[in-house]
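# Coordinates in review
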Amino acid sequence: MAKKEKLVSETGEISIHTENILPIIKKWLYADHEIFLRELVSNGVDAISKLKHLASLGEYSGDVTGKVTVTFDKDKKEICVKDDGIGMTAEEIKKYINQIAFSGAEEFVAKYKKDDANSGIIGHFGLGFYSGFMVSESVEIHTKSYTGAPAAHWTSDGSTKFTIDASDKKERGTEIILHIDKDNEDFLETGKIREILTKYCRFLPVEVEFDGQIINDTHPTWIKTPSEVKDEEYKDFYQKLHGFGPEPLFWIHLNVDYPFRLTGILYFPKIMHEMDINKGQIQLYCQQVYVSNNVSDILPEFLTLLRGVIDSPDIPLNVSRSFLQSDRNVKKISSHITKKIGDKLNELYNNDRENYEKYWKDISPFVKYGMVTDESFLDRVQDVALLEKTDGGFTSIKEYVEENKESNKGEGDKTIILYTNDKNKQATYLDQVKEKGLKAVILDHLIDNHFISMVERKRSDIKFVRVDSNTVDKLINPNAITVEVNKEQAEVLEKVFKGAINNEKVKISVENLTATDIPGKIIVSEESRRLKEMMRTMTMMQGDKSVDDMFDESTLVVNVNNDLVRKILIMEPTRPELVKELAEHIWDLASMGQAPLNGPRMSAFMKRMNKLMALIS
Ligand code: ADP
Ligand code: MG
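Since the model is a prediction, treat every value here as computed from it, not as a measurement.

### Structural notes on the pairing of strand β1 (residues 67-73)
Summarising the sheet, β1 and strand β7 (residues 207-210) pair through four bridges and their orientation is parallel. The residue of β7 that forms the bridge with K67 is E207. Relative to strand β2 (residues 78-83), β1 is paired through six bridges, and the arrangement is antiparallel. Looking across to β2, one finds that D73 is bridged to E78. Where β1 folds back onto β2 in an antiparallel hairpin, the turn is made up of four residues, including K77, whose phi is positive at roughly 55°.

### Re the pairing of strand β21 (residues 554-559)
Regular strands place side chains that alternate from one sheet face to the opposite one. Most of β21 is tucked away: six of the six residues are buried. Here β21 shows no split at all, with S554, L556 and V558 on one side and T555, V557 and N559 on the other all buried. Pairing of strand β20 (residues 520-523) with β21, which is carried by four bridges, proceeds in the antiparallel orientation. Within the sheet, the bridge partner assigned to I522 lies in β21 and is L556.

### Quick look at the sheet that holds β21
One open sheet holds the three strands; their spatial order is β19-β21-β20, and the pairing between them is mixed. Both outer strands of the open sheet, β19 (506-511) and β20, are each paired with one neighbouring strand and no more. When strand polarity is set aside, the average angle formed by the axes of neighbouring strands in this sheet is 25°.

### Notes on the pattern of salt bridges
Overall, the coordinates contain 36 salt bridges when judged by the stated rule. Between K235 and E247 there is a salt bridge whose closest N-O contact spans 3.5 Å. On the criterion of sequence distance, the pair formed by K235 in helix α6 (residues 231-242) and E247 in the loop between α6 and β9 (250-256) is long-range, its members being twelve residues apart. It is possible to trace a salt-bridge network through shared partners that takes in K580, E584, D588, R601 and R608.

### Section: a nonpolar patch on the surface
A grouping of L589, M592, M602 and M606 is seen on the molecular surface, where their side chains present a nonpolar patch of about 310 Å² in accessible area. Taken together, the elements giving at least two residues each to the nonpolar patch come down to α18 (576-592) and α19 (599-616). Position of M606 relative to the elements: it lies in helix α19. You can call M606 partly exposed: its relative accessible area is 40%.

Cut-offs and rules
Residues numbered from 1 in each chain as written. Chains lettered and ligands numbered in written order. Predicted model: local features only at pLDDT ≥ 70, side-chain atom pairs only at ≥ 80, totals over all residues. Heavy atoms only, no water. Pairing = 2+ DSSP bridges. Helix = DSSP H or I, 4+ residues; strand = E, 2+ residues; numbered from the N terminus. Buried < 20%, exposed > 50% of the residue type's maximum accessible area, 1.4 Å probe, protein only. Axes fitted to C-alpha atoms, helices over the stretch in contact; angles between N-to-C directions. Salt bridge = Lys/Arg side-chain N within 4 Å of Asp/Glu carboxyl O. Patch = residues over 30% accessible without salt bridge, like charges linked within 9 Å, V, L, I, M, F, W, Y side chains within 5 Å. Areas by Shrake-Rupley, 256 points an atom, 1.4 Å probe, with all protein chains shown as cover.

Here you go:
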């Protein structure tokens, strides 16, 4: 056994070996090497913004127009990013460049915070400059400070060594020269550099010149005051972002500066049916610098079906993406946007109903998807979600309930919302519903099953019932007392139809239907159909078909008021063979209301039909 030693307590400092950390930064800082251009150009933009800020405070009085220029030389293997901003003194180079992660931008913002918290400075973490080493053997800086201090020249090969000496730079500003290494020579192409600049710098607030042209729009629509932007401009901007195609339906201009900063425009595109295709169309910016087109860690899933831009300096960009969703600002931003979308839909519903109804077909999968997946959104829009009426036009759940409260009062005082998921297939059921003076709506999208159960879970005063789930007299209330059927007649018919159908899973129910022209119809109760649908989705994943039969239970309702059925009753004692065939015929007719008959059954049906016809003539 080891001897018990007393542990001496101690405190100390963990040491970091700088020579190890640079290669790590170089390798892991950013997954995409191409972002070095974004970082260097935005440093140039920062330098110009700072100078403008000083000028606005009267601390500098000179020309401040400002431009960042990117050039390259393929033979010398150089890329150069030049700005005419604030510049740096030799002391400042030592402070800001030589001390990694000591962000001069942060310090500047802190120093001038009282004047203007949002002075438009992009830099934040003090690591951007070093991204240049991801593609370079060595990096040079020539810089001349606005203060008039002597120009300085810094070089480093990305190890911990650097040199500083005098520079012959004459004009104010900074020039960064990257000596591109062997592995990254493909960046030395006009097309490549233009592509990267267009991707990241397209909307930077300061002019960026490359190849003799200004590549950016310094005043993109989303940073403008919403009241000053005309519809045409919103549409043009949409096209700029997403190319030519159908115009957006409508949009939301985001503009918040407290308690977080957020600007942007979110567009509702024309086609929102194919949920997946439209994903990845919202671009994320930070102070007009493009960051990514993946906002799925920031916004709730359903919002990623929208298009446009969001811009917020309050979304942390350097943390692992999995932490983003729990970030407080990100949460606030995401719920703000969700709320804005809900508000917009309410506004359209209340003030522009005509257009709202026009948009509804396009946006309904989106709205329903949002309602199903995001409870706060459901709360916000449940009163303005529309239901398409079978006889044209739209109604909201609220309106449907208000208008049909009395006629559709079901068990437990729930209001029954009658619906069809297939207007053609369920045409006969719909006709009867209409004859009875009841109103049905169409819910035929894939998402509608989820939508229905979500709304029912939320609203205990509502129940959805499909028009074919019961006989029309019992749709609203399954226990409704209908005209009593003669018991002996019912027993006879039950026996006849059981024998003709010969299927354990089909129950027979003899009823007095109001519609005398219907001899028989098949119904599947709302509950068992939903159960079956649920089981089917579950087993589809396992490829098990047996469940499908297991739940194939249905009821054949035989209408004792129908003439053909009356004939069966009359002939039953004397002509059992013919009676059986008539029953089979009624069963086939009823089945056709559900689905087309299969081949053999169809030909048997036709033969029997001919035989019955011959009997009549
Ligand atoms: P950040 O931009 O996040 O502060 P960087 O590593 O990109 O970090 O830059 C570090 C600092 O170096 C900047 O904050 C700034 O003070 C200084 N700097 C970098 N590039 C320039 C430039 N072009 N002109 C003036 N100062 C610069
Ligand atoms: Mg920076």
